[in-house]
Amino acid sequence: MSVILVPLVVLAAWREHDDRDDGGRGYFALILALEAMMIGVFAATDVFLFYVFFEAMLIPVYFMIGRYGRGADRAKAAMKFLLYSLAGGLIMLVAVIGVYVIGGTFLWTELTDPGGALAAVDPATARWLFLGFFIAFAIKAPMWPVHTWLPSAAGSSSPGTAVLLVGVLDKVGTYGMLRYCLEMFPAAVSWFVWPVVALSLVSIFYGAILAIGQSDMMRLVAYTSVSHFGFITLGIFALTEQAQAGAALYMVNHGFATGALFLIVGFLIARRGSARIEDYGGVQKVAPKLAGVFLIAGLAGLALPGLAPFVSEFLVFVGVYAFSPVPAVIAALGVVLAALYILWMYQRTMTGPTPEKLSALPDLSGRETWAVAPLIALIIAFGVYPQPLLNVINPAVERTVEAPADEVAVADGDAEGDEE
Amino acid sequence: MIPLNLADGAPPALHGVTEAPPVLDWWLLAPFLVLFGAGVLGVLLEAFWPKGSRRTAQIALAAAALLGTFLLLVLQVEAVGDGTTIANGVLAVDRTVLFFQGTITVLALISLMLIAERRDGRDAFSAQAATVPGSEEERTHILAGSQHTEVYPLVLFAVLGMLMFPASNDFLVMFIALEVMSLPLYLLCGLARRRRLFSQEAAVKYFLLGAFSSAFFLFGIAMVYGYAGSVNFGVIRQAVESGGAEIFQDGNGEPLLLMGVGLVAIGLLFKVGAVPFHNWKPDVYQGAPTPITALMASCTLVAAFGALLRVFFVPFGTSAAIWEPMLWTVAILTMVVAAIVAVTQRDVKRLLAYSSVVHAGFILTAVVAGSVEGLAGAMFYLAAYGFTTLGAFAVVTLVRTRDGGQELGDLDRWAGLGRRSPGLALALSLFLLAFAGIPLTSGFIGKFAVFEAAVAAGATPLVVIGVLSSAVTAYFYVRIIVVMFFRESEGEGPTVARAGVLTGSVITVGVAATLALGILPGAFLDTLLPSGEPGQEPAAVMVGQVTEVSADE
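Quick caveat, the model's predicted, so the values are computed rather than measured. (Residues numbered from 1 in each chain as written. Chains lettered and ligands numbered in written order. Predicted model: local features only at pLDDT ≥ 70, side-chain atom pairs only at ≥ 80, totals over all residues. Heavy atoms only, no water.)

## Examining the overall build of chain A
Inference 1: When its secondary structure is counted, chain A shows 20 helices and zero strands.
Inference 2: Across the 420 residues in chain A, those meeting the buried criterion constitute 62%.
Inference 3: Total accessible area on chain A stands at roughly 14000 Å², and carbon and sulfur atoms take up 66% of it. (Helix = DSSP H or I, 4+ residues; strand = E, 2+ residues; numbered from the N terminus. Buried < 20%, exposed > 50% of the residue type's maximum accessible area, 1.4 Å probe, protein only. Areas by Shrake-Rupley, 256 points an atom, 1.4 Å probe, with all protein chains shown as cover.)

## Re the overall build of chain B
Inference 1: Helix and strand counts for chain B come out as 23 helices and four strands.
Inference 2: Long-range contacts, defined here as pairs at least 24 residues apart, represent 80% of the contacts in chain B between residues at least 6 apart. (Contact = heavy atoms within 4.5 Å.)

## Topic: the interface of chain B and chain A
Inference 1: Taken together, the contact pairs 25 residues of chain B with 27 residues of chain A.
Inference 2: Taking both sides of the interface into account, the surface hidden between chain B and chain A amounts to around 2400 Å²; carbon and sulfur atoms contribute 89%.
Inference 3: Inspection of the chain B/chain A interface yields zero salt bridges.
Inference 4: Inspection of the region where chain B meets chain A yields zero residue pairs in polar contact (both at pLDDT 80 or more).
Inference 5: Of all elements in the fold, only helix 18 (442-456) and helix 19 (460-486) of chain B reach the threshold of two or more residues within the side of chain B that touches chain A.
Inference 6: Sorting elements by how many residues they give to the side of chain B that touches chain A places helix 19 of chain B first, with 14 residues.
Inference 7: The residue inventory of the side of chain B that touches chain A, partitioned by class, reads 20 nonpolar, two polar and three charged. (Buried area = accessible area lost by both parts, 1.4 Å probe. Salt bridge = Lys/Arg side-chain N within 4 Å of Asp/Glu carboxyl O. Polar contact = N/O pair within 3.5 Å; in protein donor to acceptor, adjacent residues only side chain to side chain. Nonpolar A, V, L, I, M, F, W, Y, C, P; charged D, E, K, R; others polar.)

## Observations regarding the pattern of salt bridges
All names here are of chain B.
Inference 1: For the structure on display, the rule yields eight salt bridges over all chains.
Inference 2: Put simply, Arg 54 and Glu 46 hold a salt bridge, and the shortest N to O gap is 3.1 Å. Glu 46 shares its class with Arg 54; the two are buried.
Inference 3: Overlapping salt bridges, with partners in common, bring together Glu 201, Lys 205, Asp 283 and Arg 350 in one network.

## So, the nonpolar core
Inference 1: Counting residues in hydrophobic clusters, the biggest one holds 349 residues, and the most contacted among them are Phe 133 of chain A together with Phe 171 and Phe 316 of chain B.
Inference 2: Non-local contacts of Phe 316 of chain B, meaning those with residues more than four positions away in its chain, are made with Phe 171, Val 224, Ile 236, Leu 257, Val 261, Val 264, Val 311 and Trp 323 of chain B. (Core = buried A, V, L, I, M, F, W, Y, C linked by side-chain atoms within 4.5 Å.)

## Considerations on empty space enclosed by the protein
Residues and elements named next belong to chain B.
Inference 1: Tallying each qualifying case throughout the model produces four cavities of 30 Å³ or more.
Inference 2: Volume-wise, the largest cavity comes out at about 60 Å³.
Inference 3: Surrounding the largest cavity, His 359, Tyr 381, Ala 384, Tyr 385, Thr 388, Ala 434, Phe 435, Ser 442, Gly 443 and Gly 446 form its lining.
Inference 4: Broken down by secondary-structure element, the contributors of at least two residues to the lining of the largest cavity are helix 15 (372-398), helix 17 (422-436) and helix 18. (1 Å grid on protein atoms, 1.4 Å probe; cavity = no way out; pocket = protein on both sides within 12 Å on 5 of 7 lines; lining within 4 Å. Points joined across faces, edges and corners; volume = space filled by probe spheres on them.)

## Looking at the side chain of Ser 214 of chain B
Residue and element names in this part refer to chain B.
Inference 1: If you trace the backbone, Ser 214 turns up in helix 8 (residues 196-228).
Inference 2: Looking at Ser 214, the relative accessible area reads 6%, which means it is buried.
Inference 3: Those residues within four positions of Ser 214 in sequence are excluded, and the remaining contacts are Phe 175, Leu 178 and Glu 179.

## Comments concerning the state of the cysteines
All names here are of chain B.
Inference 1: Summed over the entire model, instances satisfying the criterion amount to zero disulfides over all chains.
Inference 2: Cys 189 takes part in no disulfide bond, and the closest cysteine sulfur to it belongs to Cys 299, at a distance of 13 Å.
Inference 3: The class of Cys 189 is buried, set by a relative accessible area of 0%.
Inference 4: Judged by relative accessible area, Cys 299 falls into the buried class, the value being 0%. (Disulfide = S-S within 2.5 Å.)

## Overview of the packing of helix 11 (residues 186-213) of chain A against helix 17 (residues 325-350) of chain A
All names here are of chain A.
Inference 1: Packing of helix 11 against helix 17 brings their axes to within 8 Å, and their N-to-C directions diverge by 20°. In terms of axis orientation, helix 11 runs roughly parallel to helix 17. You can see that helix 11 and helix 17 cross each other, and the crossing is left-handed. Contact residues: Trp 194, Val 197, Leu 201, Ile 204, Phe 205, Ala 208, Ile 209, Ala 211 and Ile 212 in helix 11; Pro 327, Ile 330, Ala 331, Leu 333, Gly 334, Leu 337, Leu 340, Tyr 341, Trp 344 and Arg 348 in helix 17.
Inference 2: Tallied by class, residues from the contact of helix 11 with helix 17 come to 17 nonpolar, one polar and one charged. (Axes fitted to C-alpha atoms, helices over the stretch in contact; angles between N-to-C directions. Parallel < 35°, antiparallel > 145°, perpendicular 65-115°, else oblique. Left-handed = near helix turned anticlockwise from the far one by under 90°.)

## Structural notes on the confidence of the model for chain B
Residues and elements named next belong to chain B.
Inference 1: Taken as a whole, chain B shows an average pLDDT of 82; of its residues, 88% reach a score of 70 or greater.
Inference 2: By mean pLDDT, the top-scoring element of chain B is helix 6 (residues 151-164) (93), and the lowest-scoring one is helix 23 (residues 545-551) (36).
Inference 3: Counting interchain partners and residues more than four positions distant, the pLDDT-below-50 stretch residues 1-17 has 13 contacts.
Inference 4: The low-confidence segment residues 531-553 (pLDDT under 50) makes 52 contacts with residues lying over four places distant or belonging to another chain.
Inference 5: We note a pTM of 0.83 for the whole complex and an ipTM of 0.75 for its interfaces. (pLDDT = per-residue confidence, 0-100.)

## With respect to the packing of aromatic side chains
Inference 1: The final tally for this structure, using the stated rule, is 36 aromatic pairs over all chains.
Inference 2: On the basis of an interplanar angle of 20° and a centroid distance of 6.1 Å, the ring pair of Phe 294 of chain A and Tyr 346 of chain A is categorised as stacked. Of the two residues, Phe 294 of chain A sits in helix 15 (residues 288-301) while Tyr 346 of chain A sits in helix 17, which places them 52 residues apart along the sequence. No difference in accessibility class separates Phe 294 of chain A from Tyr 346 of chain A, as the two residues are buried.
Inference 3: A network of ring pairs unites the aromatic residues Tyr 186, Tyr 206, Phe 207, Phe 270, Trp 280, Tyr 285 and Phe 393 of chain B as a single cluster.
Inference 4: A cation over an aromatic ring shows up here: Arg 195 of chain B above the ring of Phe 198 of chain B, its NZ or CZ 4.7 Å from the ring centre. (Phe/Tyr/Trp six-rings, centres within 6.5 Å; stacked < 30°, edge-to-face > 60°. Lys NZ or Arg CZ within 6 Å of the ring centre and 35° of its normal.)

Structure, rendered in structure tokens:
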């Protein structure tokens, strides 16, 4: 799993080119610190270490939003972000301690051992522990009732930070669900499946509907992420192989698509100084390349066939349908809303008459082109040929699916080898 | 009751002192003697040393005494082995006690640096405390450059009391230690150079409330004595095990024990600053000269918790059923009330005071655990917190108003500090994050150790409350960071006094300790703390090697 997500961390390095003017030295130092911690979080095979990175990660992000963000409310948004995450993290701390006390170790491989002490714990306790981890990850992801920090944080952060925030940081939440919640508490999972599925569906619609109503592009993209994360969690907790593979793939693709969207919105903001949709219009006439990549990224966001997110979304649907048709059908309706918010935003900003002020809008510069091009290329490449990613994901997913199925979950050693 | 108590207070040793001269282990007593001697010497210096160089001499003496004490304590670690009692069994020396004492001396040494720091030739203390604030007389003293060099012997006496407090193996000695520790502190609180009325008010408040709590403590001792027939910890422990002294064979002794435990606990919890007894802390911390506040926030807290752990684990170790519900309540109240009240504070020193109250609550969860892990967790927490809080108060001494050079308590006026002196603001941010328990700082390891012990002991609800309350506390720590970094100063911002060598090194030590204990706690945890014992044995086995010793008395 960690291997898949490293490209996303590399993504962080890419975007350093984009912000050189508004960033300053401190900003890049924070990015590097964050990157180190993100690698740590995904690479940790020890619950304690995972927790340490999970929490320590907050601090650089906090300063990135608070110090280098946009708008007057950035300090407030940074605070909100920190408090939400910290509260979730502390709840997880209790669960981590509980796991340690019961399991006697922090080592992930031993904790997931079906013959281990943790597997033998009584179901009620396991549920509480599961809940402890899940709340933290749900805040991180973010899921519906606890998502409110994301729009304000993303809306107040610089586009570069937003890319990292949504593209990588939030993945820690879904990654945690996949790896820690499901594998450590297989027994408790089945008990929580339906509530989580319901929450995911709410997230999908709630995020989409709010996205439609936004007038700020950064917030809009942030809300689309809430919606997309609904799909991801739905896929994870459908507990079928395809759905989880789809969810894992979605995590990667969503990083590409949303990352590209945030970057492009960032370019627009750099030109016009505003993120408000009504300040734009007719951009495609003056800056066709910009509008073009915007459209591709947007279409990726709504999972158009041929672009990467389509594969993952399709897999999620297939998997969820196998699990239970009703949520799959409901979730599919969410895609319609996705088309609405993306296309409507495109229509309002890129088409129509060009206002006076925008008539001199420059097109993509060389530097910007190089920042977006790899993302667009990847979106198209993995949309047409997702097999390389799936090859990495599948062995890991097979293991994860087996665990909640309550069977002897493990594990030929090579599956594990592949994964690490 | 009282005459009886006094009459019997004299022979704490069961054989009677008069028959044979007491056997004193001078080597193990040496740390106390060095400090006491230095304190007395300091008073003499005050009388006979020429005024011009008196301050230098006093500082040198105090530093040498503390350093010497620390070295003696370190040298004793190997020698004491499993622990023993000295001076007729009234003082215990074991590794736990030595740890507490060592921590206290180191922290005291660091606070001494803050106390000795001068700015423009003036230290933090009033020129002549006996003068009426604002009077003509006061002004002449200030102009003449008078100073209170008595501060240093007073600090030495206070530290002596702090060393005895967690080492006591006898309630009367513990009471004496409590008073030796507190009386100089009452005095020191009233010596602030600026805002003298405020400082004097703090001193009076502290003194009155402290006297009350001492009275409770003493009354509790009387009850326990009535129950157990002795004030010796080892004997009390046996008495508690067997249901009271011989006269209580009918089992009627229970109420006495209950009252005794409760009243003694009040005295100790007051010193710790746990919630129903915490009201003095904000006022005193705010009013006292900041270096003294730093001393109290670090050393006194360590000493008080050392004593608290000892009392609950050794003499009352087998009556956990009595005190556990009480400590549960107090711990919950402390964590919840203090965290909520702290949110509304606008003054930095008051805020740090409330934060210290919340931390006391966290440490209490480890006491409730009643296990070796709990003890080790509490010890680590105290040491880590001590260094961090010293650093934080050192920063507070540097941030001043533009005009009078007075310390700037009002948080809102700290805006823009991050821009003006980023180093200082970063250091303070680190301390605050450590208070909040963010990983990679010592505060996180401490919190983890404490909570882990509590969960292992089945106090999970307590931990959940603790965790929620630390989420609340995080809010106000982070708020300070927000003010410093993200808000522009309106009008006149804070000025930052240039950090002198002494204050600078205090901050450096604080940062170093916070990071070192946070990133590499292993060495510390393995070598110094008593967690080597397997599993969850009752803490008494660990702390109370005393028990065995007093058993063969």
